[in-house]
Each structure stands twice: as structure tokens, then as C-alpha cells.
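Single-letter residue listing:
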Amino acid sequence: RISLGETRPEIVKLGSAERSEEVGYSSPDRGTRVKVYGRVHRFRGQKEVLFVELRDGYGYMQCVLTGPLARTYDALTLTRETSMMIKGEMRELLPGKEAPNDREMHADYFEIIGKAPGGEDAITNRVQAKGDAQTLLDMRHLVLRGETGSAVMLIRDAVEHAFNTKYHELGYVKVSPPALVQTQVEGGSTLFDMAYYNERAYLTQSSQLYLETALPFAGNCYCIEKSFRAEKSLTRRHLSEYTHVEAELDFITFDDLLAHLEDLICGVLELVLGNPRIAPMLQTLNPDFTMPERPFKRMKYTDAITWLNEHEIPNEEGQPHAFGDDIAEAAERRMTDIINRPIFLTHFPAEIKAFYMQKDEKDPRVTESVDCLMPGVGEIVGGSMRIWDYEELMAAYEREGIGAEPYYWYTDQRRYGSSPHGGYGLGLERFLAWLCKQHTVRDTCFYPRYMGRCKP
Ligand code: 4AD
């Protein structure tokens with residue numbers, strides 16, 4: 001039994017047939033016997049021949065049914081998505097023919113395992129979108145069987161694995177912070193709150209505060225967890241539930257933080273692009289993708305304001321941008337698309353950023369903060385140095401109108417051996433939208449959640 005995508009399958013050799021070192025098999029009539037399981041991705045019939053392309057999640061294989069096999073009832077009534085087992089012999093493709101991995105299997109036996117419906121209920125009818133994104137989302141469980149949907153999911157797996165690998169190479173410890181919390185991180189307006197026995201609780205907006213508490217026992221640390229935001233706007237890059245790659249680094253400067261981020265992003269990309277199974281999928285989805293140039297462009301918030309005004313890109317009120325404006329999604333994306341390379345946008349004004357951000361010693365109007373912007377998507381990472389002075393943190397709660405009491409465990413980090421530290425959060429779905437050239441983060445997560453959708 002072999003997996004359909006394997007180029008060097010586990011095989012049972014028959015007779016004297018030699019396995020070619022390449023993907024194809026040299027002996028046209030005495031090839032290698034294999035047994036495969038999968039679902040019918042597509043099929044087409046030609047007179048006495050049925051070409052069945054099987055899919056098993058690992059890859060695709062063309063299986064050729066000929067003669068009496070092609071005339072059986074099961075073959076004549078075959079439907080897409082039917083699961084089956086096929087046994088046969090690997091053959092080289094005839095010149096000029098095309099099939100996945102440049103090979104095909106000539107079947108001499110098959111069994112239907114789970115027949116899928118045809119006619120009205122055929123999968124092709126169920127996922128027929130007619131350009132309707134909502135229907136596709138209702139049918140996401142079936143859409144994911146398609147080539148694009150499944151490729152994005154497989155790339156996602158490789159990317160998540162690459163983050164874990166990269167962090168462990170760097171010696172970072174993975175921790176698993178709670179999803180049910182009683183503190184906010186990124187402002188009250190996007191909190192999902194809920195009854196928690198006899199108390200109120202929230203779904204976490206970010207694991208950052210908990211990660212900071214891991215520094216004293218774990219050193220540099222990270223997590224890959226869900227974050228939840230009650231986003232009330234429907235955009236192509238906002239979800240209500242997303243996967244957040246977050247890390248916290250101890251005893252560092254802001255420059256260290258930026259250098260690490262660049263290293264991490266490029267390291268992950270190298271691992272993913274070097275993955276022989278994943279690289280061809282990326283090539284199909286995003287043929288123009290190139291490794292970002294290092295160092296990433298660094299741009300201060302104040303310079304971005306000047307840049308936007310020079311390029312006549314107005315703020316949300318249609319006015320020229322001024323210091324203190326939040327750079328809105330549209331403006332940010334236009335700027336990133338024009339500059340067309342990754343940008344570290346740094347030093348945002350304190351009043352538009354979160355309470356915990358460390359101020360810049362040289363200019364206390366601004367914080368040691370960074371957004372990493374990518375062409376096509378805009379912000380994929382938000383990070384900063386954290387306030388590490390006790391009094392300063394207490395003043396920040398006060399300024400933001402946050403009661404300090406529920407944060408006692410966070411505040412204690414500033415009492416029991418404080419340290420200059422910083423970290424960031426990377427939105428996995430946005431990273432994937434950029435990497436896989438997908439229009440929306442709704443297509444880069446398994447089952448998207450956003451305002452108005454909580455199914456399937
Ligand atoms: O900039 P944000 O809000 O930063 C934080 O949450 C920090 N506490 C993270 C940290 O320092 N540990 O979010 C970080 C990233 C954004 O850059 C974006 O990629 C993603 O999380 N993100 C979302 N992705 C999808 N849907 C949403 N609603 C998102 N909100 C943020």
C-alpha cells in the first residue's frame with residue numbers, strides 16, 4: 001500500500017521489473033504492483049478506458065481501468081468522491097500524456113468502499129457557487145476537498161510545523177495559555193464575554209500577558225493558540241477566531257525584537273519552501289512569490305504619515321493624515337502595495353496603541369512598537385517592547401481606565417525581578433493569505449468564524 005503523492009513509494013516488486021530511480025517506471029508491461037486507497041477526485045471515460053484520478057490527502061494518482069474492469073457496473077456508475085481501493089501496476093506515461101507525478105497505475109482490480117451520490121446530489125452540484133462566496137462557505141466541508149482549499153490547508157500545516165521547528169531551533173519553550181480569561185489585552189470593544197459559572201469571563205484576545213509570565217521560568221517562549229475578537233466589521237482580513245503565533249523575548253532591546261522577527265519569518269519561509277511536498281503547491285497558488293529581501297524596510301510611523309500625505313492617500317475622513325491618526329486598513333494596504341516589500345512600521349503614538357507598550361526613551365510621544373506589513377494583506381504582525389517599570393504600568397492602567405486588580409499576576413512581573421522584554425503576535429491566517437496569495441483570511445482557515453458566521 002502506498003500514498004498517492006509519494007514519489008518513492010513503498011512497493012512490492014513483481015517478477016524481474018526494476019524500479020526506476022525516477023518517478024516513472026521503466027518497464028511498461030512488468031512494472032511495480034501497488035495497492036492504493038483514496039477518493040475519486042475526477043474521472044473521464046474514453047471508449048473502453050476509464051481514467052480515475054484518486055486523491056488521498058497526500059497526493060493524486062491517475063489509475064487506468066481498461067477492458068472488462070471498465071465495463072463493470074461500479075465503473076460505469078462511478079461518481080466523484082467515491083472512496084475506493086485499487087490494485088494494479090505502475091507504468092510510465094505514454095509520450096505527450098499528462099498525469100500527476102508523471103505516472104499512472106494500470107488497474108487490474110478495484111473495490112468501492114463508500115459510494116458518493118451522483119445526479120442532483122453530486123458534489124459538483126453541492127459546491128456550485130455561481131460566484132456566491134456564502135454558498136461556498138456553507139459548503140466548506142466539501143470545498144476543502146478541492147485542489148486550492150486542500151493545498152492551503154496542507155501549506156498551513158507545514159507553516160505551523162515550521163514555526164514550531166524554528167522556535168525550537170532557537171531554544172524557545174512552548175507554553176499553552178488559557179483561552180478563558182478575565183483580563184483584556186487589546187481593548188474592550190472586541191471582547192467576547194460570557195458567563196463563567198457565577199462570574200464573567202472573556203475569550204482571550206491574545207495570550208501575550210500570560211506569555212510574559214512564562215519568561216521568568218521558561219526564558220524566551222511562544223505559543224500557537226486561538227485568539228478571539230468580536231470584530232464588528234466585515235473585512236477580508238478580520239476573523240472572530242484566529243490562530244495567533246505569539247512569542248515573548250527576555251532581556252532584549254527593540255532592535256533585537258525586530259532582528260528576531262525578520263529571522264523567524266525568513267526561517268519559516270525557508271523551511272516551507274524547502275519542503276518538497278509543499279513547494280509545488282505554493283508554486284501553483286503563488287507563482288510570483290519570492291523570498292523577502294533582508295533587512296526588511298524599516299519605517300517610523302511619523303515617516304509613514306509623511307509618505308501617505310506625499311502620495312495623497314487620505315485618512316478615513318478624507319483628510320490628509322496627521323500625527324495621532326490610526327492608519328486605516330485601506331491606507332495601510334495601499335502603502336504596502338506601492339512599496340511592495342515587507343515593512344516594519346515602528347514607533348506608533350502611545351494614544352493609539354495598547355496600554356502595555358513601552359515608550360521610546362528618545363521620544364515619549366511614541367512607543368517601541370512594530371507592525372509588520374506585507375504586500376497584498378497589510379499588517380500580519382503586531383508587537384512591542386513591554387512596560388517593565390511597576391509605577392509606569394500602574395499609571396498606564398489608570399490612563400486607560402483599566403482596573404488594576406484583575407491584573408495582579410501581570411503586575412507582579414514588575415515586582416519580582418522585572419526585565420526589559422518584548423514580543424509580538426502574528427496572525428497565522430494573514431501570514432497564509434500573503435504566502436498563498438489568497439484574497440481573504442476566510443480561505444486560509446479551516447472553518448472561518450466572523451460576524452454572522454459560526455457554521456459549519
Ligand atoms: O496587533 P494585535 O492586536 O496584537 C496583539 O494582540 C498583541 N497582544 C500580540 C502580542 O504582542 N503578543 O494582533 C496581532 C496580530 C495582527 O497583526 C494580525 O495579524 C492578527 O494578530 N489579528 C487578526 N487576524 C485575524 N482576525 C482578526 N480579527 C485579527 N486581529 C488581529
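Quick summary incoming for the structure in this document. Small disclaimer: the values here were computed from a predicted structure and weren't measured.

**As for the sheet that holds strand β10 (residues 221-228)**
Here is step 1 of the chain: The sheet built from eight strands is open, its strands ordered β6-β10-β11-β18-β17-β16-β13-β12 with mixed pairing. If you trace the sheet from one side to the other, it starts and ends with β6 (173-174) and β12 (297-300), each paired once.
Here is step 2 of the chain: As judged from the eight bridges shared by β10 and strand β11 (residues 241-250), these two strands associate in the antiparallel manner. Bridging from a neighbouring strand, Cys223 pairs with Glu246 of β11.
Here is step 3 of the chain: Helix-sheet contacts for helix α7 (residues 208-218) involve β6, β10, β11 and β18 (421-427), and the interaxial angle to β11 is about 35°.

**Concerning the sheet that holds strand β7 (residues 180-181)**
Here is step 1 of the chain: If you trace the three strands from one edge of the open sheet to the other, you get β7-β9-β8, paired in antiparallel fashion. Each edge of the open sheet carries a strand with a single partner, namely β7 and β8 (192-196).
Here is step 2 of the chain: The pairing of β7 with strand β9 (residues 199-203) spans two bridges and is classified as antiparallel. In the sheet register, Leu180 faces β9, and the bridge partner there is Leu203.

**Let's talk about the site of the ligand**
Here is step 1 of the chain: Taken together, 24 residues form the shell around the ligand, and within it Ser206, Gln208, Gly382, Gly425 and Gly427 come nearest.
Here is step 2 of the chain: Contributions of two or more residues to the shell around the ligand are made by β11, β17 (378-385), β18 and α14 (428-435).
Here is step 3 of the chain: The residue makeup of the shell around the ligand, split by class, is eight nonpolar, nine polar and seven charged.

The rules behind these values
Residues numbered from 1 in each chain as written. Predicted model: local features only at pLDDT ≥ 70, side-chain atom pairs only at ≥ 80, totals over all residues. Pairing = 2+ DSSP bridges. Helix = DSSP H or I, 4+ residues; strand = E, 2+ residues; numbered from the N terminus. Contact = placed C-beta atoms within 7 Å. Axes fitted to C-alpha atoms, helices over the stretch in contact; angles between N-to-C directions. Near = placed C-beta within 6 Å. Nonpolar A, V, L, I, M, F, W, Y, C, P; charged D, E, K, R; others polar.

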